[in-house]
Amino acid sequence: MDIEALFSVKDKVVLVTGGSRGIGEMIATGFVQAGAKVYITSRKAKACDEMAAKLNALGPGQAIALPADLQSVEQIKQLATELSKRETHLDVLVNNAGATWGAPVDEYPEAAFQKVMNLNVTRIFTLTQALLPLLRAKATREDPSRVINLGSVAGEYVPNFEAYAYSASKAAIAHMTRHLAGRLGRDYILCNTIAPGSFPSKMLAETWEKNKDAYLARNPLGRIGSPEDIAGTCIYLSSRAAAYTNGATIVIDGGSAHNNSRL
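Residues numbered from 1 in each chain as written. Predicted model: local features only at pLDDT ≥ 70, side-chain atom pairs only at ≥ 80, totals over all residues. Heavy atoms only, no water.

Under the annotation held in an unreviewed UniProt entry, the chain carries the name Ketoreductase domain-containing protein and is attributed to Phascolomyces articulosus. Comment text from UniProt for the chain, heading Sequence similarities (unreviewed entry), reads "Belongs to the short-chain dehydrogenases/reductases (SDR) family." (UniProt positions renumbered as here; feature names shortened; annotations may be inferred.)

See below:
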């Protein structure tokens, strides 16, 4: 058994949505440093360009900016068209882009609920659907293509913050991933969910500053996640090592969910 090859993603073609910052940046960085060719997409073209330049300085893989507003069906179609012009196949799709909104239950805005559900669930389906031809193009039983959807521990248990659309969307994406896994596995496309706990990101920043001590106290490991934790899981799911893993949800939270945590 070749252990190095078992976990290799060298030369794989990868698309990371929301790849210009936060967890998306961590994932994109891991793939580039592992030798993959990584397309980074997010709403802001400048942010994509800057992140691609930063990652290309790290190597040995390659980063390419491909901006798009994933709330828009037309821009998703355009993204798929542009990627098809550049590549004959896609090995890995990481659906990381997402949004959250917090408000008391009596005041939770309808528009905010719709926006979060649209980006976190509906448009993940739309983008995956649009990229199916590229995902199918090179997929085989021995070397399947991969779809990795970013859920959250907030979709695995009830959080202690009032972000109703966010927790509902993350529970929905985990179940939709299982549904897709059953169908797309026949096409040699594996679909799995990663449910991160607390990681250093813009989305967590405000909550982290207010509740840092509580977060650390409730985590059995006494820390939040690192870039290596999230990137390593994505690389595993994209490698030969995970070629028989389909429809799974991998929780990465240091064990908080088993410590009666509601982070």
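Moving on, there is more to tell.
Got a sec to walk through the nonpolar core? Specific residues and values, please.
By size, the foremost hydrophobic cluster in this structure holds 31 residues, and its most contacted members are Leu15, Leu70, Leu83, Leu90, Leu93, Leu131 and Leu135. Counting residues per element, the ones that place at least two in this core are strand S1 (13–17), helix H4 (73–86), helix H5 (110–130), helix H6 (132–137), helix H7 (164–184) and strand S6 (189–196). Once residues within four sequence positions are removed from consideration, leucine 15 is found in contact with Tyr39, Thr41, Leu79, Leu83, Leu90, Val92, Leu93, Val94 and Leu131. Ala36, Cys48, Leu237 and Ala242 belong to the second-largest nonpolar core, a separate cluster that totals 30 residues. (Core = buried A, V, L, I, M, F, W, Y, C linked by side-chain atoms within 4.5 Å. Buried < 20%, exposed > 50% of the residue type's maximum accessible area, 1.4 Å probe, protein only. Helix = DSSP H or I, 4+ residues; strand = E, 2+ residues; numbered from the N terminus. Contact = heavy atoms within 4.5 Å.)

Run through the packing of aromatic side chains, naming residues and quoting values.
Counted under the stated rule, the structure contains 2 aromatic pairs. Look at tyrosine 108 and phenylalanine 113: their rings are 5.8 Å apart centre to centre, the planes differ by 75°, and that puts the pair in the edge-to-face class. A relative accessible area of 28% means that phenylalanine 113 is categorised as partly exposed. Plain terms: the ring middles of tyrosine 108 and tyrosine 164 are 5.8 Å apart, the flat faces sit at 75° to each other, and that makes the pair edge-to-face. Note that tyrosine 108 is positioned in the loop between strand S4 (92–95) and H5 and tyrosine 164 in helix H7, a separation of 56 residues in sequence. The class of tyrosine 108 is buried, set by a relative accessible area of 15%. Looking at tyrosine 164, the relative accessible area reads 32%, which means it is partly exposed. Put simply, the rings of Tyr108, Phe113 and Tyr164 touch in pairs and so form one group of aromatic residues. (Phe/Tyr/Trp six-rings, centres within 6.5 Å; stacked < 30°, edge-to-face > 60°.)

Any details on helix H9 (residues 227–238)? Residues and values, ideally.
The end-to-end C-alpha distance of H9, which contains 12 residues, comes to 17 Å, matching closely the 16 Å that a straight helix rising 1.5 Å per residue would cover. Listed as buried for H9 are Ile230, Ala231, Thr233, Cys234, Ile235, Leu237 and Ser238. Buried-residue contacts for H9 involve helix H2 (22–33), S4, strand S5 (145–150), S6 and strand S7 (249–252). (Expected span 1.5 Å × (residues − 1).)

Now, about a nonpolar patch on the surface: what can you tell me, with residues and values included?
A surface patch of nonpolar side chains, about 390 Å² in accessible area, is lined by Met1, Ile3 and Phe7. Structurally, the position occupied by phenylalanine 7 is in the loop between helix H1 (3–6) and S1. (Patch = residues over 30% accessible without salt bridge, like charges linked within 9 Å, V, L, I, M, F, W, Y side chains within 5 Å. Areas by Shrake-Rupley, 256 points an atom, 1.4 Å probe, with all protein chains shown as cover. Salt bridge = Lys/Arg side-chain N within 4 Å of Asp/Glu carboxyl O.)

How would you summarise helix H3 (residues 45–56) if you had to cite specific residues and measurements?
Taking 1.5 Å per residue, 12 residues should reach 16 Å; H3 reaches 16 Å between its end C-alpha atoms and fits that length. Every buried residue of H3 is listed here: Cys48, Met51, Ala52 and Leu55. For H3, the arc enclosing every buried residue in end-on projection is 105°, short of the 170-degree limit, so these residues lie on one face. Elements in contact with the buried residues of H3: H2, strand S2 (37–41) and strand S3 (62–65). (Arc of directions from axis to C-beta.)

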